[in-house]
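Spelled out, the chains give:
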Amino acid sequence: MGIYRKIYDDLFRIYGDLGWWPADSRDEVVIGAILTQNTSWNNVEKAISRLKENGLITLEDISRCDRQKLAEIIRPAGFYNQKADRLISISRSVVDRFGTIENIKDLQTAISFFSGLKGIGQETLDSILLYALDFPVFVIDKYTKRFVERCYGITGENVKRDVEEEIKDVHRLKNLHAMIVQISKDHCKKMPECEGCPLNNRCIYFLHGKQQGAFMHDKDR
């Protein structure tokens, strides 16, 4: 069994299927991917709730929305003026070229289109590709890099490529990312909380610290 399928199985025994990304539509995933930049998911949920209350939960609706009004609605997500600009611009681009996001059927077309839009970095791009469009790509973020290095000793720039080569199933790619985020929030934090972590019996970071008689706390992670 490959290392990433092993990681999946290790985490699945703890968390099962998390059903992430929580959204009612593909449009909502795209909106959430923009709103979650530099803020917590709790704040995103508040902003999305306010969008729904105002009937603004499709890209077409947002493409026609007044910028100042949108900024006020999504205020809980932070950086609301910048995010309002990005949401309107991205929504208009999708609507103008494709009509609806469901009409984007090709991975390379999606990569070329979204990567060329202002406000779409690699993590946001991969989130849209995987969760909104169901393409078999893996989302690499700070949680993933920190977790696989600490727990399994995996370093380098090829994690994304290696995961995608080993795990082809879109649902598993979604759940793997979700489970890594969850254990990173529960235990593998910037300042790790190893005691009680269900993976500390196989975690390189924990076991090394135990051998040294103390747990390491690397402040720069």
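Preceding this paragraph is the structure being described.
Note that the structure is a prediction, hence the values are computed from the model and not measured.

> Can you help me understand helix H6 (residues 80–98) in this one?
The periodicity of an α-helix, 3.6 residues per turn, causes residues three or four places apart in sequence to face the same way. Along its 19 residues, H6 runs 26 Å from first to last C-alpha, staying within 8% of the 27 Å computed at 1.5 Å per residue. Buried residues along H6 sit against helix H2 (26–35), helix H4 (59–63), helix H5 (67–73) and helix H7 (107–115).

> Teacher, can you tell me more about empty space enclosed by the protein here?
A water-sized probe, rolled over the atoms, reveals where empty space remains. Applying the stated criterion across every chain, the model contains one cavity of 30 Å³ or more. The volume enclosed by the largest cavity comes to roughly 120 Å³. Among the elements of the structure, helix H9 (142–152) and helix H12 (204–211) are those that each provide at least two residues to the lining of the largest cavity. For the lining of the largest cavity, the leading source of residues is H9, giving three residues. Its residues assigned to classes, the lining of the largest cavity comprises eleven nonpolar, two polar and two charged.

> Please explain the environment of Met191 as it appears in this structure.
Here Met191 lies in the loop between helix H11 (170–186) and H12. For Met191, a relative accessible area of 39% corresponds to the partly exposed category. Distance in space between the C-alpha atoms of Met191 and Asp10 is 22 Å, their sequence separation being 181 residues.

Criteria and cut-off values
- Residues numbered from 1 in each chain as written.
- Predicted model: local features only at pLDDT ≥ 70, side-chain atom pairs only at ≥ 80, totals over all residues.
- Heavy atoms only, no water.
- Helix = DSSP H or I, 4+ residues; strand = E, 2+ residues; numbered from the N terminus.
- Expected span 1.5 Å × (residues − 1).
- Contact = heavy atoms within 4.5 Å.
- 1 Å grid on protein atoms, 1.4 Å probe; cavity = no way out; pocket = protein on both sides within 12 Å on 5 of 7 lines; lining within 4 Å.
- Points joined across faces, edges and corners; volume = space filled by probe spheres on them.
- Nonpolar A, V, L, I, M, F, W, Y, C, P; charged D, E, K, R; others polar.
- Buried < 20%, exposed > 50% of the residue type's maximum accessible area, 1.4 Å probe, protein only.

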